[in-house]
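Coordinate inspection notes
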Amino acid sequence: MDPAERDRYLSVIEQRCLTGRNGAVWQRENVAARERAGETRSQALHGMLADYLEHMHAGAPVHTWEL
């Protein structure tokens, strides 16, 4: 494996450990924030999925995603 590629992936794993945020944590936090803002559960879930797809296609690691 190319050292640069290895370091990139290991860095992502390290940052997920340090921040405590992975995809599942981000999803739960996003839905909870939306519900606190007044959205119904259904609206919050749909909105989270739309945000998730947008972030996913941008290619940034999940631990860097804003809620």
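The structure under discussion appears in the preceding block.
Described below are features of the structure shown in this document. (Residues numbered from 1 in each chain as written. Predicted model: local features only at pLDDT ≥ 70, side-chain atom pairs only at ≥ 80, totals over all residues. Heavy atoms only, no water.)

**Looking at helix α3 (residues 41–58)**
- Its 18 residues place the ends of α3 26 Å apart at the C-alpha level, agreeing with the 26 Å of an ideal helix rising 1.5 Å per residue.
- Among all positions in α3, only Ala44, Gly47 and Met48 are buried. Angularly, the buried residues of α3 cover 105 degrees about the axis, an arc narrow enough to put them on a single face. Seen from the open side of α3, the exposed residues pointing more than 90 degrees away from its buried face are His46 and His57.
- For α3, the secondary structure elements touched by its buried residues are α2 (23–36). (Helix = DSSP H or I, 4+ residues; strand = E, 2+ residues; numbered from the N terminus. Expected span 1.5 Å × (residues − 1). Buried < 20%, exposed > 50% of the residue type's maximum accessible area, 1.4 Å probe, protein only. Arc of directions from axis to C-beta. Contact = heavy atoms within 4.5 Å.)

**Some points on the packing of α2 against α3**
- Taken N-terminus to C-terminus, the directions of α2 and α3 make an angle of 135 degrees; their axes are 9 Å apart at the nearest point. Accordingly, the angle class assigned to the pair α2 and α3 is oblique. Of the two elements, α2 crosses α3, and the hand of that crossing is right-handed. On α3, the residues that touch Trp26, Gln27, Asn30, Val31, Arg34 and Glu35 of α2 are Arg41, Ala44, Leu45, Gly47, Met48, Asp51, Tyr52 and His55.
- Class assignment of the residues belonging to the contact of α2 with α3 gives a composition of six nonpolar, four polar and four charged. (Axes fitted to C-alpha atoms, helices over the stretch in contact; angles between N-to-C directions. Parallel < 35°, antiparallel > 145°, perpendicular 65-115°, else oblique. Left-handed = near helix turned anticlockwise from the far one by under 90°. Nonpolar A, V, L, I, M, F, W, Y, C, P; charged D, E, K, R; others polar.)

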